[in-house]
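# Examining the three-dimensional arrangement
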Amino acid sequence: MSKMEVKTSLLDNMIGVGDMVLLEPLSEESFIDNLRKRFDHNEIYTYIGSVVISLNPYKSLPIFTADKVEEYRNRNFYELSPHIYALADEAYRSLRDQDKDQCILITGESGAGKTEASKLVMSYVAAVCGKGHEVNKVKEQLLQSNPVLEAFGNAKTVRNDNSSRFGKYMDIEFDFKGDPLGGVISNYLLEKSRVVKQPRGERNFHIFYQLLSGASEDTLRKLKLDRDFSKYNYLSLDSATVNGLDDAAGFRTVRNAMQIVGFMEDEMQSVLELVAAVLKLGNIEFKPESRVNGFDESRVKDKNDLKEMCELLGIEQSVLERAFSFRTVEAKLEKVSTTLNVAQAYYARDALAKNLYSRLFSWLVQRINESIKAQTKSRKKVMGVLDIYGFEIFEDNSFEQFIINYCNEKLQQIFIELTLREEQEEYIREGIEWTNIEYFNNAIICDLIENNQNGILAMLDEECLRPGTVTDETFLDKLNTVCAEHQHFESRLSKNSKFLTDHSLPHNCFRIQHYAGKVLYRVEGFVDKNNDLLYRDLSQAMYKANHSLMKMLFPEGNPDKVNLKRPPTAGFQFRASVSTLMKNLQTKNPNYIRCIKPNEKKAPHIFTDSLVCHQVRYLGLMENVRVRRAGYAFRQAYEPCLERYKMLCKQTWPHWRGPTRKGVEVLLTDLQVPAEEFSYGRSKIFIRNPRTLFFLEEKRRHCLEDLATLIQKIYRGWKCRTHFLLLKKSQVVVAAWYRRYAQQKKYQNIKRSTIIVQSFIRGWKARKILRELKYQKRCEEAVTTIAAYWHGTQVRREYRKFFRANAGKKIYDFTVQRIMQKYFLGLKNTMPSMSPTDKNWPARPYQFLDGTHQALRRIFHLWRCKKYRSQFTEEKKAIYEEKLEASQMFKDKKALYPSSVGQPFKGDYLEIKKNPKYQKLNSAVEEKILLADVINKINRANGKSTPRIFLLTKSHFVLADHKTGQVKVSVPLSDVTSVSVSTQSDGFFALKLKEGSTSAAKGDFLLSSERLIEIITKLYRTGSATADREQLNIDITDEFLVQFKQDKVCVKFIQGSPKNGNSATCKRKNNRLVEVSVPSP
Ligand SMILES: Nc1ncnc2c1ncn2[C@@H]1O[C@H](COP(=O)(O)OP(=O)(O)O)[C@@H](O)[C@H]1O
Ligand SMILES: [Mg+2]
């Protein structure tokens, strides 16, 4: 166990006392008070040392959960409050770890909770032992054997709705690891009388009702049964259905459980067939038939049930029928057959039914054992669970009670022996001085019953086997003689005459003082029940059945193995099995569960003192406590003891460093506990009186209170402190954050302000510095300038003598020269073409050369014009001169001019000299002809035009007939004073003559020619070439006057649309006006 785990104790939070050993004072009253107190608080378990007393709560309590299993797992017995799990855990662990075989003995009266307790033990062990597929299968089979046995062996009784009607002992086998391997079940004394008759308010075994309620129609048909309880004599009807018990569901559970346990389908079928056969058997009835000898002979009344039963089991009907009417007695090779009367027939029938059922039950147990048998041969550890009926004291006690009580007597004996032996061994083990323990040993009672010579059972057997008439009375007589002297035997008519006047003791009864109380037995039925007779004819009939299971159940019916010996009596059998059981138990370590029934009503919360008192008495619980307390009431290992009480002594609190035993010694000495009150064992402290323990407990409780206060104080302090520290921490955090935030804000403000102030100051400073710097710079510049000038002056003054005064200019000139050179060289490469019309000229490189550049351009242009001109011949030159003259005269003045520019001034268009037609004319003109052409002469009188040849020489112009060449007029050029032309595109021109000259007789000439420009230009040139002549006037106007004879006539040019095409027309309007209309341009 880890040190951290909280160590608890049985003594914690105890209601009453958890262990009766500690009960102080010990009396029956306080014992029962303690039980009641605990029961009222749902504490159904109480210890007597290591014995568990269990009260039936009659309600489900939340203490059987998986969590509880975990809680009790691997804990020491006294660590937790009393529980059946603690016992189971202790048993399982000492089985597993100390290799001690265990048995768990569960006793108590019917309905006290024995079977439930045994199931709890088994389920606990199943929960804590190993896991795995195989292991789980084994566990499942072991657990599922319960429902099967309960269906066949349990019945509703007035005491318990699910009362086990047989004793059961189950060995669970484990391997060395503690994993379950398998099991062996032994059954004891099934209450078979129940098969044929049930007391009022009780039922037959569950299986009958389950079969009829839960089986399918098909199954019922096969079994020849009807789903109706009332049809069967053996089923009591008044309580056929039980509240809270679902028989149909029960049937399914049983079938399922049988399957899990390993029953084959045909086995299950056979079992059900036998169950059905029992029911059928109950319905067979008999009627008397008179015989000649005066006796009645029984006959089967209605053969239908008999027939069906025989069909079911494969029995020949006649055989069975005969067996119910006759009885064969074989004695010494002699067969005597006697008839049966009706009563005997009924007896035989019931005996058959009882035997059939009880043998079926035993077979079931055997069959289950086969399934759950451990598969290995290796050594096994065993845990036995005994669920056997407890002591029974009824109004009317019979053979069964006698047997049962005998069994309990034996169990008590073994308990005493084992507990005392254990106690003794513990003292020796622990080295404690042995104190003699006084207790009541019931061996003497056992002896009274089982003694081979004069025991009651032996007497009974003797009576049963004795020839002659044997009755229950003869048996009692026998007892009266044999057992009369026995202390524990009482009978009215015994030889010991002290009971003669005891009226509580009827004549047909005897009384035994059992260890748990006196019980009165009525002898009626003892002999019969002990004999347990089944007529041989019946068993033979059964053996003949064509039904393998049936055959198996009645081996004595085999005719080949006729056994003339009587079968052993019931009492004998029981005694034998009890003695085997006892031997078995003696080899094991016992663990006791004592079940007590708190009330007769099967109801929760009711605690009937008298009933409990009765059970406490007959279970011998007070005995139990006394035995337990005979030596030392309480013992505990040193370690848990020191652990529990160490706070009672300063030296051991809070830690004891030395050995634990020493610690306990110091502790007890310190507490001044009287030395006779305790003993130091090797590993345990033994406390004689519970008072001492309670003294310790009380002290501990006080101490714990103080400690609790202390712990509380410290805890509260701690809690407050932690809380405070937490608050403080939080506050610091909050404050820190807030301060940080505030400081941040403040800082930011300051920073912002600072920056503003700073910026102002810096600005101011910077401006100041800038001012200073500017001032400084200006000073420096001034200084530099002054210095430069000064230095310049100085240098110049200094170096003037070394340089010529105009060196600068030279350099300048040189530089300019270089620039110019470069300019000119550049220009050379980019010269435009020589064509005078080329307008290209390279861009100027320097602005200062602008003038030069433009000048050069002009020069270049003039130069190339000159060059161009210089290529001309004299003739061409004259032509151009003429052209130039014409341009100077008419350009921009006369609209006709532009059309003349492209025409070469050919002069002689008529080729007068070559043309023979003009020979006469040619000869008339001596001088060189400058111009010859046909022109129109305007008639002065009417303005009509006539073609004339116009000739121009150096001195004259001549007008001749254009056909004949006859000269009409020849006018010297010196008489021509001016020429008038219009500004327009017409070819009219007027040649004005000098007044008074001969030529002027007729007046001025008005002529028209397309070559006006050429004519007038040549005319003009002749004038300029001659020195003695006045320069000809050229008059360009749209209105001019001409002299026609005596009249001064105005020639007026108007723009209009002439009638004859594109040429201008002339018309004399009146004597003062000649109108020339010129087509608009
Ligand atoms: N621990 C328990 N918790 C709840 N009910 C119980 C407990 N023990 C017994 N009972 C009730 O008492 C009835 C009888 O118990 P049972 O074990 O059959 O008695 P016994 O075997 O002693 O005759 C059970 O059917 C059940 O209702
Ligand atoms: Mg039971």
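Keep in mind it's a predicted model, so treat the numbers as computed, not measured.

What counts, and at which threshold
- The residue count restarts for each chain, going from 1 along the sequence in the order it is written.
- Lettering of chains starts at A and numbering of ligands starts at 1, both following the order in which they are written.
- Two thresholds apply to this predicted model, a pLDDT of at least 70 for residue-level local features and 80 or more for giving and counting side-chain atom pairs, whereas whole-chain, interface and lining totals are computed over all residues.
- In computing side-chain properties, one takes all heavy atoms of the structure into account and sets aside hydrogens as well as water.
- For Na, K and Ca the donor cutoff is 3.2 Å, while for all other metals N, O and S atoms must lie within 2.8 Å; water is not among the atoms, so some sites may look incomplete.
- We count a stretch as a helix when DSSP gives it H or I for four or more residues in a row; a strand needs E for two or more, and each element gets its number in order from the N terminus.
- For every residue, the accessible area obtained with a 1.4 Å probe (protein chains only) is divided by the maximum for its type, and the residue is called buried under 20%, exposed over 50%, and partly exposed between those limits.
- The nearness test applies per residue and asks whether one of its heavy atoms lies within 4 Å of the molecule or strand.
- The definition of a polar contact used here is a pair of N or O atoms within 3.5 Å, where within protein one atom must be able to donate a hydrogen and the other to accept one, and adjacent residues in sequence count solely through side-chain atom pairs.
- Each accessible area is a Shrake-Rupley estimate made with a 1.4 Å probe; only the visible protein chains count as cover when residues are assessed.
- Note on definitions: angles span 0 to 180 degrees between N-to-C directions of axes, and those axes are lines fitted to C-alpha atoms, for helices only across the stretch in contact.
- In these notes the angle categories are as follows: under 35 degrees is roughly parallel, over 145 is roughly antiparallel, 65 to 115 is roughly perpendicular, and the rest is oblique.
- A crossing counts as left-handed when the near helix is turned anticlockwise from the far one by less than a right angle, and as right-handed when that turn is clockwise.
- In what follows, residue pairs with any heavy atoms lying within 4.5 Å of each other are defined as contacts.
- In the scheme used here, Gly and all other residues not listed as nonpolar or charged are polar, with Ala, Val, Leu, Ile, Met, Phe, Trp, Tyr, Cys and Pro taken as nonpolar and Asp, Glu, Lys and Arg as charged.
- Take the buried residues of types Ala, Val, Leu, Ile, Met, Phe, Trp, Tyr and Cys, join any two whose side-chain atoms come within 4.5 Å, and each joined set is a nonpolar core.
- Strand pairing is assigned whenever DSSP identifies at least 2 bridges connecting the two strands.
- Within the patch definition used here, like charges are joined within 9 Å and nonpolar side chains (Val, Leu, Ile, Met, Phe, Trp, Tyr) within 5 Å, considering only residues with over 30% relative accessible area and no salt bridge.
- Within this document, salt bridges are pairs made up of a side-chain nitrogen of Lys or Arg and a carboxyl oxygen of Asp or Glu, the two lying within 4 Å of each other.
- Lys and Arg are tallied as positive, Asp and Glu as negative. Neither His nor the chain termini are counted.
- All charge positions are set by atom: Lys at NZ, Arg at CZ, Asp at CG, Glu at CD.

## Side note on the coordination of the magnesium ion (ligand 2)
Protein coordination at the magnesium ion (ligand 2) comes from T115 (OG1) and S164 (OG), with a distance range of 1.9 to 2.1 Å. On the criterion of sequence distance, the pair formed by T115 in helix α4 (residues 114-128) and S164 in strand β5 (residues 163-164) is long-range, its members being 49 residues apart. The exposure class assigned to T115 is buried, which follows from its relative accessible area of 14%. Classification of S164 as buried rests on a relative accessible area of 18%.

## With respect to the site of ligand 1
In the region of ligand 1, 16 residues are neighbours, and N56, G111, K114, T115 and E116 sit closest. For ligand 1, an oxygen atom lies 3.0 Å from a polar atom in the backbone of G113. For ligand 1, an oxygen atom lies 2.8 Å from a polar atom in the backbone of E116. If ligand 1 stood free it would expose 550 Å²; the protein chains cover 82% of that surface. It is α4 that contributes the most residues to the shell around ligand 1, three residues altogether.

## Description of the packing of helix α14 (residues 399-430) against helix α21 (residues 570-586)
Put simply, α14 and α21 touch, their axes get as near as 11 Å, and they point 20° apart. With respect to their mutual orientation, α14 and α21 come out roughly parallel. As for how α14 packs across α21, the hand of that crossing is right-handed. Side by side, α14 and α21 meet where F399, I403, Y406, C407, K410, L411, I414, E417, L418 and R421 of the first sit next to A570, G571, F574, R575, V578, M582, L585 and Q586 of the second. Tallied by class, residues from the contact of α14 with α21 come to twelve nonpolar, two polar and four charged.

## Here's the deal with the nonpolar core
Core analysis: the biggest nonpolar cluster contains 192 residues, and F31, F152 and F510 have the highest contact counts within it. Here F31 is in contact with M20, L23, I48, I53, V616, L621, M622 and V625, once residues within four sequence places are set aside.

## Overview of the pairing of strand β29 (residues 1047-1056)
Two elements, strand β28 (residues 1039-1044) and β29, share six bridges in a ladder whose sense is antiparallel. Bridge assignment links F1044 to a residue of β29, and that residue is D1047. Hairpin geometry of β28 and β29 is characterised by an intervening segment of two residues between the two adjacent antiparallel strands and by a positive phi of about 55° at K1045. Pairing of β29 with strand β31 (residues 1073-1079), which is carried by seven bridges, proceeds in the parallel orientation. Directly across from C1050, in β31, lies its bridge partner L1073.

## Side note on the sheet that holds β28
The strand order across the open sheet built from four strands is β28-β29-β31-β30, with neighbouring strands paired in mixed fashion. Edge positions in the sheet fall to β28 and β30 (1065-1070), since each has one partner strand and no second. For this sheet the average axis-to-axis angle between neighbouring strands, irrespective of direction, equals 30°.

## Focus on the sheet that holds strand β24 (residues 976-981)
Strands sit in the order β23-β22-β21-β20-β26-β25-β24-β27 across an open sheet of eight strands; the sheet is mixed. What marks the edges here is a single partner per strand, and that holds for β23 (967-972) and β27 (1033-1036). In this sheet, neighbouring strand axes are inclined to one another by 30° on average, regardless of whether the strands run parallel or antiparallel. Of the strand pairs in this sheet, β24 and strand β25 (residues 988-993) are connected by five bridges, and their pairing is antiparallel.

## Here we look at a positive patch on the surface
On the surface, a cluster of positive charge is contributed by R762, K765, R767, K768 and R771. Along the chain, R771 falls in helix α26 (residues 690-799).

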